[in-house]
Amino acid sequence: MYNILVCDDDREIVDAIEIYLSKEGYNIIKAYDGIEAIEKLKEQQDIHLLLIDIMMPRMDGLRATLKIRQESAIPIIILSAKSEDTDKIIGLDVGADDYITKPFNPLELTARVKSQLRRYTKLGNISNEEKENCYTVGSLTIDDDSKKVIVDGEEVKLTPSEYNILLLLIKNPGRVYTIEQIYENVWHEEAMAVDNTVAVHIRHIREKIEINPKEPRYLKVVWGLGYKIEKQ
């Protein structure tokens, strides 16, 4: 059984998260500010994941995460009522693995928790260092020798066109490819009125590799320019 520490000064939110995650078989440990979360982690060594709010009294979630990261590699998911990109970036910069914006969907919360636990417990078993044709961004990996796509420790199935689009982008993380460039590289023919074709394939890829396709971690659109795989 996995032990999950939930830290939020809103006790109703903590109780609600306990209900959602207990149904999945997780054991929930509660804290209500950053200092208490740090104390719980010291008291109980077998906590496997931390869900922590940003805005809390005594010590906020960002400062607590920064302190925890000095001693622990435990997966940390930030809970925040703020949806601005700067707040998300700060959370990731101080050591969080993921973030969820309030109000959150219980199914998304559960999916993100499962994703981080899989990555924490299984991803270390995937050895990519010595494979020449292996490409990894965050917890997304493509092994081009075996043609396997692994996300958070689990294999996902892509069509050949979807696979080739993702392979093109992951080979050059951060580089923006136009729709025409993607089409010509994958279909090997001149791109004419191919926007819908590429867009549909991009949507299908996101549905398979992203926890929340509407807020993708990996496959990003650069408005007016094209698509890229985000550097992690």
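What counts, and where the lines are drawn
- Residues numbered from 1 in each chain as written.
- Predicted model: local features only at pLDDT ≥ 70, side-chain atom pairs only at ≥ 80, totals over all residues.
- Heavy atoms only, no water.
- Axes fitted to C-alpha atoms, helices over the stretch in contact; angles between N-to-C directions.
- Helix = DSSP H or I, 4+ residues; strand = E, 2+ residues; numbered from the N terminus.
- Parallel < 35°, antiparallel > 145°, perpendicular 65-115°, else oblique.
- Left-handed = near helix turned anticlockwise from the far one by under 90°.
- Contact = heavy atoms within 4.5 Å.
- Nonpolar A, V, L, I, M, F, W, Y, C, P; charged D, E, K, R; others polar.
- pLDDT = per-residue confidence, 0-100.
- Expected span 1.5 Å × (residues − 1).
- Polar contact = N/O pair within 3.5 Å; in protein donor to acceptor, adjacent residues only side chain to side chain.
- Pairing = 2+ DSSP bridges.
- Buried < 20%, exposed > 50% of the residue type's maximum accessible area, 1.4 Å probe, protein only.

1. Examining the packing of helix H2 (residues 34-43) against helix H3 (residues 61-69)
Move 1: Between H2 and H3, the shortest axis-to-axis distance is 9 Å and the interhelical angle comes to 25°. When the axes of H2 and H3 are compared, the pair comes out roughly parallel. Where H2 crosses over H3, the handedness of that crossing is right-handed. Each of Gly 34, Ile 38 and Leu 41 in H2 lies in contact with H3, whose residues at this interface are Ala 64, Lys 67 and Ile 68.
Move 2: Tallied by class, the residues present in the contact of H2 with H3 amount to 4 nonpolar, 1 polar and 1 charged.

2. Let's talk about the confidence of the model for the chain
Move 1: Mean pLDDT over the chain stands at 87; residues scoring 70 or higher make up 92%.
Move 2: Contacts of residues 123-130 to residues separated by more than four positions or lying in other chains number 9 contacts, the stretch itself having pLDDT below 50.

3. Quick word on helix H1 (residues 11-22)
Move 1: Relative to the 16 Å expected for 12 residues at 1.5 Å per residue, H1 spans 16 Å between its end C-alpha atoms, a close match to the ideal helical length.
Move 2: Structurally, the start of H1 carries an N-cap: the backbone nitrogen of Glu 12 is 3.0 Å from a side-chain oxygen of Asp 10.

4. A few points about the sheet that holds strand E4 (residues 76-80)
Move 1: Spatial ordering of the open sheet is given by E2-E1-E3-E4-E5, a layout of 5 strands whose pairing is parallel. Two strands lie at the open edges of the sheet, namely strand E2 (27-31) and strand E5 (98-101), each paired on one side alone. Averaged over all adjacent pairs, the angle separating strand axes in this sheet is 20°, with direction ignored.
Move 2: Pairing analysis gives 4 bridges linking strand E1 (residues 3-7) to strand E3 (residues 49-53), with the strands arranged parallel. Bridging across to E3, Ile 4 finds its partner in Leu 49.
Move 3: The sheet contacts of H2 involve E1, E2 and E3, and relative to E2 the element is tilted by about 135°.
Move 4: With respect to the sheet, H3 is in contact with E3 and E4, its orientation differing from that of E4 by roughly 170°.

5. Details of the environment of Gln 44
Move 1: Mapped onto the secondary structure, Gln 44 falls in the loop between H2 and E3.
Move 2: As a C-alpha pair, Gln 44 and Asn 3 span 41 residues in sequence and 9.5 Å in three-dimensional space.
Move 3: Excluding residues that lie within four positions of it along the chain, Gln 44 makes contacts with Asn 3 and Ile 29.

6. Remarks on the packing of helix H7 (residues 179-187) against helix H8 (residues 195-209)
Move 1: Contact pair H7 / H8: the axes reach a minimum separation of 10 Å and the direction vectors enclose 80°. Here H7 is positioned roughly perpendicular relative to H8, judged by the angle of their axes. For the pair H7 and H8, contact is made by Ile 179, Glu 180, Ile 182, Tyr 183 and Trp 187 and by Asp 195, Thr 197, Val 198 and His 201, respectively.
Move 2: Grouping the amino acids of the contact of H7 with H8 by side-chain chemistry returns 5 nonpolar, 2 polar and 2 charged.

7. Description of the sheet that holds strand E7 (residues 140-143)
Move 1: An order of E6-E7-E8-E9 is seen for the 4 strands of this open sheet, with the pairing classed as antiparallel. Each having just a single partner strand, strand E6 (134-137) and strand E9 (154-156) make up the two edges of the open sheet. With strand direction ignored, the average angle separating the axes of adjacent strands in the sheet is 25°.
Move 2: Of the strand pairs in this sheet, strand E8 (residues 148-151) and E9 are connected by 3 bridges, and their pairing is antiparallel. Note on E9: the bridge partner recorded for Val 151 is Glu 154.
Move 3: Sheet strands touched by helix H6 (residues 160-170): E6, E7 and E8. Its angle to E7, the strand with the most contacts, is close to 110°.

8. Quick look at the pairing of strand E11 (residues 226-229)
Move 1: Here E11 shows two buried faces, one formed by Gly 226 and Lys 228 and the other by Tyr 227 and Ile 229.
Move 2: In the sheet, strand E10 (residues 219-222) pairs with E11 via 4 bridges, with the strands oriented antiparallel. Paired with Val 221 across the bridge in E11 is Tyr 227.
Move 3: Here E10 hands over to E11 after 3 residues, with Gly 224 in that stretch at a positive phi of 80°.

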